[in-house]
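# Examining the three-dimensional arrangement
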Amino acid sequence: MDALYQRGAISHARRLEDLALAGWQPRWHRWLDVLLLVAGAGLLLSGIIFFFAWNWADMHRFLKLGLVLGGVIGCTGLSVFMDMDSRAGRALLVGGGVLVGVFFAVFGQIYQTGADAWEMFRIWTLLLLPWALVGRSSALWLLVILLGNTWAMLWLVKEGYLMYRDWFSVVAASACLVCYLLMDFFGRHRTDYGRWRGWQYLFLALPLFWICWSSWVAVSGQTDWLFAALVPLLAGCLVTPVLRRDPAGMALCLFAFWNLCIAAGVLYMVKQMGLDPISNSLLGMISLSIPVIGIIRIKSFVQEKGEA
Amino acid sequence: MSISRKQYLHEHGLSDGAGADTSPIPWYYAAMQGIGAWFAAGMFLSPIFTFLPDSMLVIGLVGAGLLIGAAVMPEKGEVFLSQLTLAAALLGFAMVNVALVEATGVEGAALPLNVTGTGAAAYVLVRRRFFRFLLSLAVMGTWLVRFHDVAHVIPAIMAVASTCILAAFFVWRERRFLRPLGYAMAFAGPGALFMMKSTASLTASSWVAAVFGLATVLLLMREHGWRRTPTALGALCITALSLAAPGAGFGAALAVLGHAYANRLLEGVGLLWVPVFVSWFYYWLGYGLLTKSLMLMGAGLLLLGVRQVLRRRRVHA
């Protein structure tokens, strides 16, 4: 219906009528329920975080830690008691997960452990991972992913690996290769080896990214926000065909990705040579024709697939 | 009763293939094609500046040519061609305005008027939704940048945004070409508040947001036949939110509108603005951290309490 509406085949009124016929109606109760739960839990957790951030001097350290730990235990216990699959149960589990981080922050605040911020995010992420596996809640997974990314970002900034692109690329590529080999070693004994193998390809694709990313940082001299925004999209383009078990898609997306990398590299070299504008433009046109060839190949492949 | 897709299309007098070609390719192919198209746009369009003479007339004419080319290019739903056309149209629009700046200058309202005039012409000419969306944002952005230091420019932008949204989604909703304008204004209204850091309570913008929220709720009530008491309570909540944090009230009204019409995009935009402006509201609140934290906890508990009351009432009903 939406596709027809977008193409102008049916009117707005007709779309709503048909949606109602198909059983859709604005479910205001459910909408309000989710909204109030998310907003209420969000505000409450923010309040708790700010409360401990204020670092009340008169409050004894054991009381602070006890309150947060009590919150963690209370949230988790209530979540199990209330049914972890219910909306409130999942919200409580997320609340408990956030309070784990608050606990580490308060602990660091009291005992001045001297740990870096990325270390706190590392332990927080790793501790929440089993919760996410058990909780089966997308909100909890989102929290884990956000924390993991924050950990990675803080680590990269603090440790300055982005400045040493060669080392970083080598480390990242080696880590991925080790993961690939480990998965190969353990995966052979699994019954769902086919699916397991899909993930292996991911570890082959990831080093390409890190190499490309660190090279870009080295080339541009600073983090380019446009490219930073493209990284997750490109990652999705490489990972999704693997998850969908689409080997042709994987190969084509890798092909297009390499083309883009080569084109970017050639352009950079052209820029460095300092040629006159006309030669520059011509060389730019030649180098940029590489991704166009890749894209056209994808298009023809899709057409062939569609026709088949 | 359930009907098949074929029966559904037959009832509407549509051919069997209607709507079938909406998205035949996986998104990762489309994304790669889109990125490649922008690279290709760089290839085709960047040499223009190398070979063009310095004459502004020529630049303007080439820009107009690109716009006309984008207008006549048929839209077949191909990502590569579509993105290439979009890039050409945007460049053409920029070139025309650069030429006009040379001719008329940028003093007074010259630049915003030029951009608005050419923007309106391009909006009508080029039938591409995303291009129209970007054009609308560009026009509003130009007015904001040029007149940001003039009093009441923010409430004026909010009022224009409200009017455009109500026109696109209530009054002339069958005129699809207004949709991109409506979406752009859903970003531009609160976006202007955000960019100018104008988030104080009880300002002219607050009243504009409150009027927009009330109008939205009342129009929906009339159309959907909602009961008066819950509608009045909802309107009261949106008004209170608008007066305290105008962007949050505006966003809440957008979210309600989006949900009522199963418009996920509008709903998402609205729900995006609410936490942004609520966070900002707390950030700028002139109290200590302890007081703010207690207020946050109180507000959270209040909302959870309201949720519990509503659930109980529903169970008893």
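Residues numbered from 1 in each chain as written. Chains lettered and ligands numbered in written order. Predicted model: local features only at pLDDT ≥ 70, side-chain atom pairs only at ≥ 80, totals over all residues. Heavy atoms only, no water.

## Quick notes on the overall build of chain A
Definition in use: Helix and strand definitions follow DSSP, with helices as H or I runs of at least four residues and strands as E runs of at least two, each counted in order from the N terminus. To sort residues, take the accessible area from a 1.4 Å probe on protein chains only and compare it with the maximum for the residue type: under 20% means buried, over 50% means exposed, and anything in between is partly exposed. Residue contacts are counted whenever heavy atoms from the two residues lie within 4.5 Å of one another.
Secondary structure assignment for chain A yields 12 helices and 0 strands. Helices (α) and strands (β) of chain A occur, in sequence order from the N terminus, as α-α-α-α-α-α-α-α-α-α-α-α. Counting all 308 residues of chain A, 35% fall into the buried class. Across chain A, the fraction of contacts at a sequence separation of at least 24, relative to all contacts at a separation of at least 6, is 57%.

## Some points on the overall build of chain B
Quick note on the threshold: Accessibility throughout is a Shrake-Rupley quantity obtained with a 1.4 Å probe, and a residue counts as covered only by protein chains that appear here.
If you tally the helices and strands in chain B, you get 14 helices and 0 strands. Its helices and strands taken in sequence order, chain B reads α-α-α-α-α-α-α-α-α-α-α-α-α-α from the N to the C terminus. Out of the 317 residues in chain B, the part that is buried amounts to 46%. The contacts of chain B with a sequence gap of at least 6 include a subset with a gap of at least 24, amounting to 66%. Accessible surface, chain B: about 16100 Å² in total, of which carbon and sulfur atoms supply 69%.

## Side note on the packing of aromatic side chains
We count it as follows: Pairing of aromatic side chains requires ring centres within 6.5 Å, counting the rings of Phe and Tyr and the six-membered ring of Trp. Pairs whose planes differ by under 30 degrees are stacked, by over 60 edge-to-face, and all others tilted.
Inspection of every chain in the model, using the stated rule, returns 19 aromatic pairs over all chains. Residues phenylalanine 103 of chain A and phenylalanine 104 of chain A carry aromatic rings whose centres are separated by 6.0 Å and whose planes lie at 70° to one another, so their mutual orientation is edge-to-face. Classification of phenylalanine 104 of chain A as partly exposed rests on a relative accessible area of 23%. Seen from their ring centres, phenylalanine 170 of chain B and tyrosine 261 of chain B are 5.9 Å apart, and the 65° between their planes marks the pair as edge-to-face.

## Overview of a nonpolar patch on the surface
We count it as follows: For patch detection, residues must exceed 30% relative accessible area and be free of salt bridges, and they are connected within 9 Å for like charges or within 5 Å for nonpolar side chains (Val, Leu, Ile, Met, Phe, Trp, Tyr). Salt bridges are identified by distance alone: a Lys or Arg side-chain nitrogen within 4 Å of an Asp or Glu carboxyl oxygen.
A cluster of nonpolar side chains, namely Leu32 and Leu35 of chain A together with Leu271, Leu302, Val306 and Leu310 of chain B, defines an oily patch on the protein surface of about 440 Å² accessible area. Only helix H3 (28–53) of chain A together with helix H14 (289–316) of chain B provide two or more residues apiece to the nonpolar patch. In terms of residue count, the dominant contributor to the nonpolar patch is H14 of chain B (3 residues).

## Quick look at the side chain of serine 206 of chain B
All names here are of chain B. Note the following rule: Pairing of N or O atoms within 3.5 Å defines a polar contact, subject to two protein rules: one partner must be a possible hydrogen donor and the other a possible acceptor, and residues neighboring in sequence count only if both atoms are side-chain atoms.
With respect to the secondary-structure elements, serine 206 resides in helix H10 (residues 204–224). Among the polar contacts made by the side chain of serine 206, one reaches the main-chain amide nitrogen of threonine 203 at a distance of 2.9 Å. Aside from chain neighbours lying at most four places away, what touches serine 206 is Ala200, Ser201, Ser242, Leu243 and Pro246.

## What about the pattern of salt bridges?
Any two side chains of opposite charge can pair if their charged atoms end up close together. All chains considered together, the criterion is met by 6 salt bridges over all chains. Residue arginine 311 of chain B is joined to aspartate 33 of chain A by a salt bridge in which the shortest nitrogen-to-oxygen separation is 3.2 Å. Residue arginine 311 of chain B is located in helix H14, and its partner aspartate 33 of chain A is located in helix H3; the two belong to separate chains. Arginine 173 of chain B is the salt-bridge partner of glutamate 223 of chain B, the closest N and O atoms lying 3.0 Å from each other. One end of the pair, glutamate 223 of chain B, is in helix H10; the other, arginine 173 of chain B, is in the loop between helix H8 (153–171) and helix H9 (179–195), and 50 residues separate them in sequence. Each member of the salt-bridge network shares a partner with another, and the members are Asp33 and Arg87 of chain A together with Arg307 and Arg311 of chain B.

## Description of the packing of H8 of chain B against H10 of chain B
All names here are of chain B. Put simply, the rule reads: Here, axes are lines fitted to C-alpha atoms. For helices the fit covers the stretch in contact, and angles between N-to-C directions go from 0 to 180 degrees. Each angle is binned into one of four classes, with values under 35 degrees roughly parallel, values over 145 roughly antiparallel, values of 65 to 115 roughly perpendicular, and all other values oblique. Helix crossings fall into two classes, left-handed where the near helix is turned counterclockwise from the far one by less than a right angle and right-handed where it is turned clockwise.
Their axes nearest at 8 Å, the elements H8 and H10 cross at an angle of 10°. As judged from the angle between their axes, H8 and H10 are roughly parallel. Relative to H10, H8 is oriented so that their crossing is right-handed. Residues Ile154, Pro155, Met158, Ala159, Ser162, Ile165, Leu166 and Phe170 of H8 form the contact with H10, whose participating residues are Ala204, Ser205, Val208, Ala209, Phe212, Ala215, Thr216, Leu219, Leu220 and Glu223.

## Examining the environment of alanine 139 of chain A
The residue alanine 139 of chain A is located in helix H7 (residues 138–159) in this model. Separated by 110 residues in the primary sequence, alanine 139 of chain A and glycine 249 of chain A have C-alpha atoms spaced 30 Å apart.

## Focus on the confidence of the model for chain B
This is how it is decided: The quantity known as pLDDT measures the predictor's confidence residue by residue, on a range of 0 to 100.
Of the residues in chain B, 89% have a pLDDT of 70 or more, and the chain-wide mean is 85. In the predicted assembly, ipTM is 0.82 and pTM is 0.75.

## Notes on helix H7 (residues 129–147) of chain B
Residue and element names in this part refer to chain B. Put simply, the rule is: By definition here, a helix of n residues has an expected span of 1.5 Å times n minus one.
Relative to the 27 Å expected for 19 residues at 1.5 Å per residue, H7 spans 27 Å between its end C-alpha atoms, a close match to the ideal helical length. For H7, the complete set of buried residues consists of Phe131, Arg132, Phe133, Leu135, Ser136, Val139, Met140, Thr142 and Leu144. Among the structural elements, helix H4 (56–72), helix H5 (79–104), helix H6 (110–125), H8 and H9 are those in contact with the buried residues of H7.

## A word on the environment of alanine 245 of chain B
Residues and elements named next belong to chain B. With respect to the helices, strands and loops of the structure, alanine 245 is situated in the loop between helix H11 (228–244) and helix H12 (246–260). Taking the C-alpha atoms as reference points, alanine 245 and threonine 199, separated by 46 residues in sequence, lie 6.3 Å from one another. Each residue touching alanine 245, except ones within four places of it in the same chain, is listed here: Phe277 and Phe281.

## Structural notes on unusual backbone geometry
For residues besides glycine, phi is generally negative; the peptide bonds are generally trans as well. Residue and element names in this part refer to chain A. Phi angles above zero are rare outside glycine, and glutamine 112 is one such case at about 45°. Mapped onto the secondary structure, glutamine 112 falls in the loop between helix H5 (87–111) and helix H6 (117–135). Residue glutamine 112 is classed as exposed on the basis of its relative accessible area of 62%.

## Some words on the side chain of asparagine 114 of chain B
The residue asparagine 114 of chain B is located in helix H6 in this model. If we ignore the near neighbours within four places in the chain, the residues touching asparagine 114 of chain B are Asn97, Leu100, Val101, Thr104 and Gly119 of chain B.

## Digging into the nonpolar core
This is how the line gets drawn: Nonpolar cores were defined as sets of buried Ala, Val, Leu, Ile, Met, Phe, Trp, Tyr and Cys residues, with membership established by side-chain atoms within 4.5 Å.
If you look at the biggest cluster of nonpolar residues, it comprises 55 residues, and the most contacted ones within it are Ile165, Phe250, Leu254 and Leu257 of chain B. With 11 residues, H8 of chain B is the single largest residue contributor to this core. Counting 28 residues, the second largest nonpolar core, distinct from the first, contains Phe52, Leu99, Leu128 and Leu140 of chain A.

## Describing H5 of chain A
Look at H5 of chain A: 36 Å from first C-alpha to last across 25 residues, which is about the 36 Å you get at 1.5 Å a residue. Immediately downstream of H5 of chain A, the backbone of glutamine 112 of chain A shows phi near 45°, a positive value.

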